[in-house]
Amino acid sequence: MNRKKSTFAVGIAAAISALAFSLGAPVAQAAHVGAQGTVDCDGWTHANNPDHGIAGCKNNTDHPVTFRAEIVCGLAPDVSGQWVTLAPGEYSESQGVCAIYSSGVGRVGWTIQ
């Protein structure tokens, strides 16, 4: 009888965890269209730290563009990276780290001003 209760409790905990992970706030992941091109961005999780999210962007426009990483953290508050201003043709990255008690980076996006 205890084994059934234990298995049921683990199943409920996994379902709640999956639901909380899937309810993360949506993150903007659109490229900004400028007069002469776009801003190309990509987001990923650091290879050695599952709590560390990174967004990298390249400015293909003819004017400066500012962006930052938006990291969705499972079971912890989401975080935003530092604002980065890119001159035309420049590439850079913005990063953020989820709280130690999170279940790791769920998604990495970016916001462009």
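See the structure shown above.
Everything in this summary refers to the structure shown in the same document.

Basis of the calculations
- Residues numbered from 1 in each chain as written.
- Predicted model: local features only at pLDDT ≥ 70, side-chain atom pairs only at ≥ 80, totals over all residues.
- Heavy atoms only, no water.
- Salt bridge = Lys/Arg side-chain N within 4 Å of Asp/Glu carboxyl O.
- Buried < 20%, exposed > 50% of the residue type's maximum accessible area, 1.4 Å probe, protein only.
- Pairing = 2+ DSSP bridges.
- Helix = DSSP H or I, 4+ residues; strand = E, 2+ residues; numbered from the N terminus.
- Axes fitted to C-alpha atoms, helices over the stretch in contact; angles between N-to-C directions.

**Digging into the pattern of salt bridges**
Using the criterion set out here, one finds 1 salt bridge in the structure. Among the salt bridges present, the one from Glu-70 reaches Arg-68, with a minimum N-O distance of 2.8 Å. Residue classification places Arg-68 among the partly exposed residues on the basis of a relative accessible area of 23%.

**A few points about the sheet that holds strand β2 (residues 52-59)**
Ordered in space as β1-β2-β6, the 3 strands form an open sheet in which the pairing is antiparallel. In this open sheet, the two edge strands, each paired with only one partner strand, are β1 (39-45) and β6 (91-97). This sheet shows a mean twist of 15° between the axes of neighbouring strands, independent of strand direction. Of the pairings in the sheet, the one linking β2 to β6 comprises 7 bridges and is antiparallel in character. Within β6, the position partnered with Gly-56 by the bridge is Glu-93.

None of the figures reported here should be taken as evidence of function without further support.
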